[in-house]
Amino acid sequence: MTLNTIAQHVKQAATTTRGKVAGGAALLMGSAVAHAQEATGAAAAFTELQTQASEMAASAWPVVVGVVGSLLAIGLFKKFANKAT
């Protein structure tokens, strides 16, 4: 086959309905593959977000312990104050 014959076959295949559908599907698949390969930036962003969330959760525990301890102390104070009267 010569290059001219191959070009004619490609032109004929591209002008038919099946050829157009196949070409469109190939372009869509190529686009999906290109976008899937760019996910490394998103993965890095989610990793950074997870790290920040872990740091915030570690910082919140002392506050939670303080609030719960204060509520227990207030409850005990009220209980003993009511028994004293």
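Residues numbered from 1 in each chain as written. Predicted model: local features only at pLDDT ≥ 70, side-chain atom pairs only at ≥ 80, totals over all residues. Heavy atoms only, no water.

Chemist: Report on the overall build of the chain, specifying residues and quantitative values.
Modeler: For the chain, the count of helices and strands is 3 helices and 0 strands. Start at the N end of the chain and walk to the C end: the helices and strands fall as α-α-α. Considering the chain as a whole, with its 85 residues, one finds that 0% of them fall into the buried category. Accessible surface, the chain as shown: approximately 7,500 Å² in total, 71% of it carbon and sulfur. (Helix = DSSP H or I, 4+ residues; strand = E, 2+ residues; numbered from the N terminus. Buried < 20%, exposed > 50% of the residue type's maximum accessible area, 1.4 Å probe, protein only. Areas by Shrake-Rupley, 256 points an atom, 1.4 Å probe, with all protein chains shown as cover.)

Chemist: Break down the confidence of the model for the chain for me, with residues and values.
Modeler: Put simply, the chain has an average pLDDT of 80, and 84% of its residues get 70 or more. Confidence scores differ between elements of the chain, with helix 1 (residues 3-15) showing the lowest mean pLDDT of 71 and helix 3 (residues 40-84) the highest of 89. (pLDDT = per-residue confidence, 0-100.)

Chemist: So, a nonpolar patch on the surface: which residues are in play, and what are the values?
Modeler: Judged by side-chain polarity, W61, V64, V65, V68 and L72 come together as a nonpolar surface patch covering roughly 520 Å² of accessible area. In this fold, V64 is placed in helix 3. Relative accessible area serves as the criterion here: at 38%, V64 is assigned to the partly exposed category. (Patch = residues over 30% accessible without salt bridge, like charges linked within 9 Å, V, L, I, M, F, W, Y side chains within 5 Å. Salt bridge = Lys/Arg side-chain N within 4 Å of Asp/Glu carboxyl O.)

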